[in-house]
Amino acid sequence: MRLLRELYVENLALLEKARVPFGRGFNVLTGETGAGKSLVLDALGVAVGQRATSELVRAGAAQARVEASFEVDESSPLGQQLAAMGSAPEDGLVILSREFTASGRSRSRINGRMVTTGELARLGELLVSIHTQHESQRLLLPSAQLALLDAFAGEEAVKLAAEVARTWQEMQKLSQELEALRQGERQRLHELDLLRFQIDEIAAARLSADEEPELLAEHARLSNAARLQELLGEALESLAGQGGLDGSAASMAAAAGRALSEAAALDPEAAPLAGELRTLSEQLAELARAVRRHLERCEPNPSRQAEVEARLDLIDRLKRKYGQTIEAVLAYQDEARQRLSDLVQQSARSGEVERALEELQARYQEMSHRLSAIRRDAARRLGEAVETELRDLAMPKARFEVVLEAAEPGPSGLERASFLFSANPGEPPRPLARVASGGELSRTMLACRTVLAGLDPVPVLVFDEPDAGLGGRAAQAVAERLARLGRLRQVLVVTHLPQVASMADFHLSVRKLEKDGATQVEVGALSAEERVQELARMLGGARVTESAERHATELLRLAGQAKAAT
């Protein structure tokens, strides 16, 4: 099959400009050590959303650009999945592109549409799976081994593992919240008591925003009652006197009235003056009555004065505690009521969190036990399947076991996985990290990927030197396995071994050359004749001899027979 059709690279490190085609099935990439083979894989990784560093921009260039073109059947499950993500194939093509500058700025596109790097990476993960030598080392990590086991166990295990991890994270979040609530419980109870006291104290005072000025005025009057009586008495005596006689204002107005009345009889023009004086007399009389009423209210009242002073003391005390004015005190009461409500809700929240946590813990346990049962069954089957693959990879006596060990509950469930390996009979299987050589680890990784090939929906598999440390029969076995994998997926392999390169369906060569005083890397597909020359170089070293060419031709013939036989 072919999905990755072409990779275009511009100003990426030593790749000034390259258009790299890919073929169906098993593709190999060969070249001298240091020629830049891994650079092609870096370019592909950048195109599908992997990390792009500013150091990758070619010296002297403003920016680098990579573009990967994929052939996708729009009616296929993959095509439908891409369409659901808003990236439907256009004319059977999906084009992922990336531009980035030395300053770190980056732009990503899918079929010309601007997207985030995250969106590009999510789509890239559906199309390409890149396995570097570092990826092989990841196989030694317990977390990677457990993830591989879940992938082998199937979709139910993968979904269940994801749900277990999500539930665990929710449990941790609720546990932290509950701990914080419990740690603040004593302080919260103290604050609740204080707020209730403060609210009740202010409420009991029954404050009114306009009462203080009235109380102050009344207090001033009661405090000066004797002097007020004296002054008001003098005012009343001056206004009215005793019976309106003597030198009071009333007696004087009466005398003036009689005089003006006589004058009006003699001179009609004096009549208005007499009228005005009558009005003044009436006003004086009313003023005298008002002073008398006020005088009656100004009698000393010690008990009322004590009440007013007590009330003013209460208001002053509340203002010192809660605000400078009665309005501020009442505003504080409203704030305290709101804070009290919040604290009561927090107390209720503590119970809610505890109940929710208990429900999550029960759910976590149920799902984890189900996942454990699925993993136990899958562990046995995975061990058997990898052992079968290892036999085909020239390791007939190898033993491979997947052991599950109980672990503290965590995001991965209730167990951890350990891959045990033994290359030779009589040796008990031990952890893969402690016993596998580089070549054995590469073959074990390839065996695992082969086992998962039928389960993994990603159509393009990329391997960086999966044959590292191998030779002879083992190298041939790896080559045949990669060719067989190429029938299920499109496979791209960087290799130094002629046995592997000879089994490829499509052969690419990488060369480093100097042009105009600058070093450049060129990538191109090889013709049949060029392929013989490349294999002869890989077989014979620096000098390509006739013997090496004959050997290369024979290697290609045998590879053709081996592919036909499989």
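Here, the structure is the one placed above.
These lines cover the structure that appears in this document, whether it is placed above or below.

So, how was this worked out
- Residues numbered from 1 in each chain as written.
- Predicted model: local features only at pLDDT ≥ 70, side-chain atom pairs only at ≥ 80, totals over all residues.
- Heavy atoms only, no water.
- Helix = DSSP H or I, 4+ residues; strand = E, 2+ residues; numbered from the N terminus.
- Buried < 20%, exposed > 50% of the residue type's maximum accessible area, 1.4 Å probe, protein only.
- Contact = heavy atoms within 4.5 Å.
- Areas by Shrake-Rupley, 256 points an atom, 1.4 Å probe, with all protein chains shown as cover.
- Phe/Tyr/Trp six-rings, centres within 6.5 Å; stacked < 30°, edge-to-face > 60°.
- Salt bridge = Lys/Arg side-chain N within 4 Å of Asp/Glu carboxyl O.
- Core = buried A, V, L, I, M, F, W, Y, C linked by side-chain atoms within 4.5 Å.
- Axes fitted to C-alpha atoms, helices over the stretch in contact; angles between N-to-C directions.
- Parallel < 35°, antiparallel > 145°, perpendicular 65-115°, else oblique.
- Nonpolar A, V, L, I, M, F, W, Y, C, P; charged D, E, K, R; others polar.
- Pairing = 2+ DSSP bridges.

1. What to know about the overall build of the protein chain
Looking only at helices and strands, one finds 19 helices and 15 strands in the protein chain. For the protein chain, buried positions account for 43% of its 566 residues. Within the protein chain, contacts between residues at least 6 apart in sequence are counted, and of these 70% link residues at least 24 apart. Taken as a whole, the protein chain presents about 29,500 Å² of accessible surface, with 51% of it coming from carbon and sulfur.

2. A word on the packing of aromatic side chains
Enumeration over the complete set of coordinates arrives at three aromatic pairs. Taken together, a centroid distance of 5.1 Å and an interplanar angle of 65° make the contact between phenylalanine 400 and phenylalanine 419 edge-to-face. Taken together, the residues phenylalanine 400 in strand S9 (residues 399-410) and phenylalanine 419 in strand S10 (residues 413-422) connect sequence positions 19 residues apart. Here the two residues phenylalanine 400 and phenylalanine 419 agree in accessibility, since each one is buried.

3. Here's the deal with the pattern of salt bridges
Per the stated rule, a full pass over the model turns up 28 salt bridges. Measuring nitrogen to oxygen at the nearest pair gives 3.2 Å for the salt bridge that ties glutamate 405 to arginine 416. In this pair, glutamate 405 is assigned in strand S9 and arginine 416 in strand S10, connecting sequence segments 11 residues apart. Each of Arg65, Glu67, Glu99, Arg107 and Arg109 takes part in salt bridges that share partners, so that together they form one network.

4. Quick word on the nonpolar core
Counting 53 residues, the largest nonpolar core has Phe26, Leu382, Val386, Leu390, Phe421, Phe463 and Leu482 as the members making the most contacts within it. Sort the elements by how many residues they give to this core and helix H16 (residues 472-485) lands first, with eight residues. Sequence-distant contacts of leucine 382, defined by excluding residues within four places in its chain, comprise Leu148, Leu149, Phe152, Phe400, Val402, Phe419 and Val451. In terms of nonpolar packing, the next biggest core, distinct from the first, is built from 46 residues, Leu7, Leu39, Leu41 and Ala47 among them.

5. Re the packing of helix H2 (residues 77-84) against helix H3 (residues 117-127)
Angle between the axes and distance between the axes: these two values describe a pair of packed helices. One way to put it is that H2 packs onto H3 with a least axis distance of 11 Å and a crossing angle of 175°. The pairing of H2 with H3 is recorded here as roughly antiparallel in orientation. Facing Leu78, Gln81 and Leu82 of H2, the residues of H3 in contact are Leu123, Leu126 and Leu127. Split by residue class, the contact of H2 with H3 holds five nonpolar, one polar and no charged.

6. Quick word on the sheet that holds strand S2 (residues 15-21)
Across the sheet, six strands lie side by side as S2-S1-S4-S5-S6-S7; this open sheet has antiparallel pairing. Each edge of the open sheet is held by one strand with a lone partner, namely S2 and strand S7 (113-115). With direction set aside, neighbouring strand axes in the sheet form an average angle of 15°. Pairing analysis gives six bridges linking strand S1 (residues 4-12) to S2, with the strands arranged antiparallel. In the sheet register, glutamate 10 faces S2, and the bridge partner there is lysine 17.

7. Some words on the sheet that holds S10
With antiparallel pairing, the three strands of this open sheet are ordered in space as S9-S10-S11. The strands lining the two open edges of the sheet, one partner per strand, are S9 and strand S11 (430-431). In this structure, S10 lies alongside S11, joined through two bridges in antiparallel fashion. When the sheet's bridge partners are listed, phenylalanine 421 is paired in S11 with arginine 430. Across the sheet, helix H5 (residues 142-153) is in contact with S9 and S10; its angle to S10 comes to roughly 95°.

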